[in-house]
Amino acid sequence: MADTLVPAGEDAAVKEKHLRHHFATAEQQMDAATLGMWTFLITEVLFFGGMFASYAVYRNIYLDAFASTSQYMNVVLGGTNTAVLICSSLTMALAVRAAQLSNRKHLTLFLILTMIFGTVFLVIKGFEYHSKWVEGLVPGIHWSGYLEHPEFAHHAQILFSLYFYMTGMHALHMVVGLGLLSYLLIQARRNIFKATYFAPVEMIGLYWHFVDIVWIFLFPLLYLIGHRR
Amino acid sequence: MTTHTTHIVHIPKVSTLVLVWLALMCATGLTTAVSYVELGWFNIVIALLIAVTKASLVVWIFMGVRHTTNLTKLFVVAGLVWLGILILITFSDYSTRSWVYQAQPWSHGPGNGAATK
């Protein structure tokens, strides 16, 4: 790929005290940070993997009930949220790029845009949860059971439990991500990040993209498995 | 350090990032559209194929794995292998339970493999 190659001076990194004494070079420090972040993300993959595995097992057993119940998911809101998250991933990637280019103005702009997209996602999610509550589709707390196919009422609760656990854990990760982005924004305003030091922006970017990937799988598996009328 | 080494930062082109974004948006539209076509068990295969493609694009370009060290790439693959083990062994349990319990009179309740048709 014809990417721009910019040499980042190590002398500058040492001078600005960003290079910790236990690392030989700034490159080694960056590689270590990336590896550590990915190790954390793998634990996250397995954390969500447990929920995806239980989803797969139950869907395999109650295929018809899941297909019938998935019709109660709001495809328009779910699809909109998928688009919103993909946009937020783009702005996050552009924020990392701005930090690499020492462009503070663009970094601030793209961090704010990412936070706006993240907030829009959570607001839409909130409306979805609200309508599920109104329709009585919250298992264990507010379950009316007025389904088109009452014979699936028992197993429909399994799908909705999985829906709330999985999207709930995902939304919690979004809230944590918004907190991390606020931290980045404050640091960016203090002009901390530049071409010689942008590791926090890149690491939090990795986390944000990971949360996007989880939703990329949640959207088809929860919203798009229904029989269509 | 006696020699002055320069380390290289890979800065993605804006056009690359926008192209990936466009591809992800199109794939989202495609997966939604395909779900309205009744294809039986093939629906979930297509949905997962599209999702895996989208996730790969995010990992490779947005998360910049293409420019990371081989060790990091190995870690990413190892994570996927462990996810595979998690799903494979869980399924080998649940899909074979009915083989063992089929003949047992107490196994005909909800919540075990024997209850499936």
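Chemist: Would you mind showing me how to read the overall build of chain B here?
Modeler: Check the secondary structure of chain B and you find four helices and one strand. When the elements of chain B are put in sequence order from the N terminus, they spell out β-α-α-α-α. Within chain B, buried positions represent 19% of all 117 residues.

Chemist: What's the story with the interface of chain A and chain B in this structure? I'm lost.
Modeler: How big an interface is tends to be expressed through the accessible area that disappears when the partners come together. Counting residues at the interface gives 46 residues for chain A, matched by 41 residues for chain B. Going through the elements one at a time, β1 (4-8), α2 (26-61), α4 (75-100) and α7 (199-223) of chain A are the ones with two or more residues in the side of chain A that touches chain B. Looking at which element gives the most residues to the side of chain A that touches chain B, the answer is α2(A), with 16 residues. For the side of chain A that touches chain B, the class distribution of residues is 28 nonpolar, eleven polar and seven charged.

Chemist: Honestly, the environment of F62(B) in this entry has me stumped. Any pointers?
Modeler: Examined against the element boundaries, F62(B) turns out to sit in helix α2 (residues 42-62). In this structure, the C-alpha to C-alpha distance between F62(B) and W82(B), residues 20 residues apart in sequence, is 23 Å. If sequence neighbours within four positions are ignored, F62(B) has contacts with S89(A), A93(A), H209(A) and V20(B).

Chemist: Whenever I open this one, the environment of Y129(A) confuses me. Can you help?
Modeler: Residues and elements named next belong to chain A. Locating Y129 in the fold gives a position in helix α5 (residues 104-134). For Y129, a count of 17 C-beta atoms within 10 Å gives the class partly exposed. Separated by 105 residues in the primary sequence, Y129 and A24 place their C-alpha atoms 50 Å from one another.

Chemist: Can you help me understand α2(A) in this one?
Modeler: One full turn of an α-helix is made of 3.6 residues, so residues set three or four places apart face in the same direction. Residue and element names in this part refer to chain A. Helix length check: α2, at 36 residues, gives a terminal C-alpha distance of 52 Å against a target of 52 Å (1.5 Å per residue), a fit within 8%. At G49, α2 is deflected by roughly 25°, the largest bend along its length. Taken residue by residue, α2 has A26, Q29, M30, T34, M37, W38, L41, V45, F48, G49, Y55 and I61 as its buried positions.

Chemist: I keep staring at the confidence of the model for chain B and nothing clicks. Help me out?
Modeler: Residues and elements named next belong to chain B. Considering every residue of chain B, the mean pLDDT works out to 85; 79% of them sit at 70 or more. Confidence scores differ between elements of chain B, with helix α4 (residues 97-101) showing the lowest mean pLDDT of 74 and helix α1 (residues 14-35) the highest of 97. Across residues 113-117, confidence stays below pLDDT 50; counting only partners more than four residues off in sequence or on other chains, it has 13 contacts. Of the two predicted TM-score estimates for the complex, the pTM is 0.88 and the ipTM is 0.89.

Chemist: Just checking my understanding: could you explain the packing of α4(A) against α1(B) for this structure?
Modeler: For any two helices packed against each other, one specifies the crossing angle of their axes together with the interaxial distance. The N-to-C vectors of α4(A) and α1(B) enclose an angle of 170°; their axes lie 10 Å apart at closest approach. By the angle between their axes, α4(A) is roughly antiparallel relative to α1(B). For the pair α4(A) and α1(B), the contacting residues are V75(A), G79(A), T82(A), A83(A), I86(A), L90(A), A93(A) and L94(A) in the first and L17(B), W21(B), L24(B), M25(B), T28(B) and T32(B) in the second. Residue classes in the contact of α4(A) with α1(B) are distributed as ten nonpolar, four polar and no charged.

So, how was this worked out
- Residues numbered from 1 in each chain as written.
- Chains lettered and ligands numbered in written order.
- Predicted model: local features only at pLDDT ≥ 70, side-chain atom pairs only at ≥ 80, totals over all residues.
- Helix = DSSP H or I, 4+ residues; strand = E, 2+ residues; numbered from the N terminus.
- Buried ≥ 20, exposed ≤ 12 C-beta atoms within 10 Å, placed from the backbone.
- Contact = placed C-beta atoms within 7 Å.
- Nonpolar A, V, L, I, M, F, W, Y, C, P; charged D, E, K, R; others polar.
- Expected span 1.5 Å × (residues − 1).
- Bend = angle between axes of the 7 residues up to and from the residue.
- pLDDT = per-residue confidence, 0-100.
- Axes fitted to C-alpha atoms, helices over the stretch in contact; angles between N-to-C directions.
- Parallel < 35°, antiparallel > 145°, perpendicular 65-115°, else oblique.

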